[in-house]
Amino acid sequence: DAEYGYIEIKEENFDREIKNILKKEGLVGLNITIPFKEKIVPYLSKTDTEDAIEKLLVKNYYFCVDAVNCVTIKKKQLTGKNTDWTGFGDAYFHNSKKNYKSNFVVPKEYRTALVFGYGGAGKAVVFSLLRNTLWKQIIVCNRTFEKIKTIQGIYLPTPSKKNFFSYVDHDNVLIKKYLKDGLNTKERRKLSSEGLTFVDCIKTEEIPKYISKADLAINTTPTDILKGFENLKVKTHCEGFDIVYRPREGTGFLKHFKKDNRIEGIYMLVHQAAPCFKEWFGIEPETEDVDLYKKLFEKMNQK
């Protein structure tokens, strides 16, 4: 017995209006969307980081827990959580055409994901990829290169005291060489066989060079970042994932990939929403019902 609606707030009015919203009688939770995912944090009693890498283990980078999209209210306590990273991961693995258990067409060493954008959603996507041992290389591209260059490094896929390696604080010769000069194929294979994931950062003008290396490309920006580049060489099996869900075709980003290799943003929308619903009501919603998506598309196309 509940209602779910939305309230639009102008950025300059956020601090005043959010206080009134949080006082509403009967409110059990809310979702926060851009550009307020970081601004909501000071109003929370705590942030749930149970599934996330802790701040100090990743050189002062939370990746996604400093961007809250789900707030739960219980006993006057406001708990913030990020479900974007699990939403992306679940959406991808439920909708990818690849069979990762046996038929993935790329050798294990070359499983490369390319992420466009490093805002709140971009951080969540990178975090999700890092938590999955499938990806051996993650390439991040952002319009402001200064924002991403410090995340270049070599990461373990699960949280530990040695989660992040840089040539400044680690004496492994290959790690030092990677961060300073790069590695050849043989050297990369040696490191990746140890369960490590490479994170590389590139500038937008380098896109044509690196799109040809990707096995998965994810757009977290509000525009088609590939538009304007000519003769892009995309692998025939490379999957494209545009997290923008309205309109259904997203930003136009998916046009650069074969029809069978396109994943629409609506799937991430549903998969990030499901755990929020469970937090608020204790019920796990169905997320794989084909009719559900048909109804959502119909609803979104209504004026």
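Refer to the structure above for everything that follows.
Residue indices follow the written sequence of each chain, beginning from 1 at its first position. This being a predicted model, a pLDDT of at least 70 is required before a residue's local features are given, and a value of 80 or more before pairs of side-chain atoms are given or counted; all residues contribute to the totals for chains, interfaces and linings. Side-chain metrics in this entry use all non-hydrogen atoms of the structure; hydrogen atoms and water are not considered.

S.K.: Requested: an account of the overall build of the protein, with residues and values cited.
M.R.: Every helix listed is a DSSP run of H or I at least four residues long, and every strand listed is a run of E at least two residues long, numbered separately from the N terminus. Summing up its helical and strand segments, the protein has 8 helices and 12 strands in all. Exposure classes here rest on a 1.4 Å probe applied to the protein chains alone. A residue is buried below 20% of its type maximum, exposed above 50%, and partly exposed in between. When burial is assessed residue by residue, the protein has 47% of its 303 residues classed as buried. Note on contacts: a residue pair is in contact if any heavy atoms of the two residues lie within 4.5 Å. Excluding contacts between residues fewer than 6 apart, the proportion of contacts in the protein whose partners are at least 24 apart in sequence is 65%. Total accessible area on the protein is roughly 17300 Å²; 49% of this is exposed by carbon and sulfur atoms. The Shrake-Rupley method, run with a 1.4 Å probe, gives the accessible areas here. Residue values count only the displayed protein chains as cover.

S.K.: Got a sec to walk through the environment of Leu183? Specific residues and values, please.
M.R.: Mapped onto the fold, Leu183 is located in the loop between helix H4 (173–180) and helix H5 (185–192). Residue class for Leu183 comes out buried when judged on its relative accessible area of 14%. Excluding its chain neighbours within four sequence positions, the residues that come into contact with Leu183 are Leu174, Lys177, Tyr178, Arg188, Leu191 and Phe198.

S.K.: Break down the environment of Glu249 for me, citing the residues and quoting the values.
M.R.: Mapped onto the fold, Glu249 is located in the loop between strand E11 (239–242) and strand E12 (262–263). With 14 residues separating them in the primary sequence, Glu249 and Ile263 have C-alpha atoms 9.4 Å apart.

S.K.: Any details on the sheet that holds strand E4 (residues 77–81)? Residues and values, ideally.
M.R.: Ordered by their spatial adjacency, 4 strands build an open sheet running E1-E3-E4-E2, and the pairing between neighbours is mixed. With partners counted over all chains shown, the strands left at the sheet margins are strand E1 (29–31) and strand E2 (46–47), one partner each. Note on pairing: DSSP must find at least two bridges between two strands before they are called paired. The sheet contact formed by E2 and E4 spans 2 bridges and is parallel. From the neighbouring strand, Lys46 faces E4, where its bridge partner is Thr79.

S.K.: Would you mind going over the packing of helix H2 (residues 84–95) against helix H3 (residues 120–130) in detail, with residue names and values included?
M.R.: Geometry is summarised by axes, namely lines fitted to C-alpha atoms with helices restricted to the contacting stretch, and by angles between N-to-C directions that run from 0 to 180 degrees. The geometry of H2 relative to H3 is characterised by a closest axis approach of 8 Å and an angle of 60° between their N-to-C directions. With respect to each other, H2 and H3 are oriented oblique. Where H2 crosses over H3, the two elements pack in a sense that is right-handed. Residue-level inspection shows Asp84, Trp85, Phe88 and Gly89 of H2 in contact with H3, the latter providing Ala124, Val125, Phe127, Ser128 and Leu129. Charged means Asp, Glu, Lys or Arg here, nonpolar means Ala, Val, Leu, Ile, Met, Phe, Trp, Tyr, Cys or Pro, and polar covers whatever is left, Gly included. Class assignment of the residues belonging to the contact of H2 with H3 gives a composition of 6 nonpolar, 2 polar and 1 charged. For classification purposes, angles smaller than 35 degrees are called roughly parallel, those larger than 145 roughly antiparallel, those between 65 and 115 roughly perpendicular, and all remaining angles oblique. It is the rotation of the near helix from the far one that decides the hand of a crossing: anticlockwise by less than a right angle makes it left-handed, clockwise makes it right-handed.

S.K.: Lay out the pattern of salt bridges with the relevant residues and their values.
M.R.: By definition here, a salt bridge exists when the distance from a side-chain nitrogen of Lys or Arg to a carboxyl oxygen of Asp or Glu is within 4 Å. Tallying each qualifying case throughout the model produces 8 salt bridges. A salt bridge links Glu146 to Lys149, with the nearest nitrogen and oxygen atoms 2.9 Å apart. Taking relative accessible area as the criterion, Glu146 reaches 54% and is therefore assigned exposed. Taking the shortest distance from any N to any O, the salt bridge between Glu264 and Arg248 comes out at 3.1 Å. Within this pair, whereas Glu264 is found in the loop between E12 and helix H7 (266–281), its partner Arg248 is found in the loop between E11 and E12, the two being separated by 16 residues in sequence.

S.K.: Tell me about the packing of aromatic side chains, and please be specific about residues and values.
M.R.: How two aromatic rings sit relative to each other is set out by the distance from centre to centre and by the angle between their planes. Working definition: a ring pair exists when centres of Phe, Tyr or Trp rings (six-membered ring for Trp) sit within 6.5 Å. Plane angles under 30 degrees give stacked, over 60 give edge-to-face, the rest tilted. Counting across every chain of the model gives 13 aromatic pairs. Here the aromatic rings of Phe88 and Phe241 are separated by 5.2 Å at their centres, their planes lie at 40°, and the arrangement is tilted. With Phe88 in helix H2 and Phe241 in strand E11, the pair connects residues that are 153 residues apart, well separated along the chain. Residue classification places Phe88 among the buried positions, given a relative accessible area of 2%. By relative accessible area, which is 0% here, Phe241 ends up buried. Their ring planes at 70° and their centres at 5.8 Å tell us that Phe116 and Phe253 sit as a pair that is edge-to-face. Here Phe253 lies in the loop between E11 and E12 and Phe116 lies in strand E5 (residues 112–116), a separation of 137 residues in the sequence. In this pair, the class of Phe116 matches that of Phe253, namely buried.

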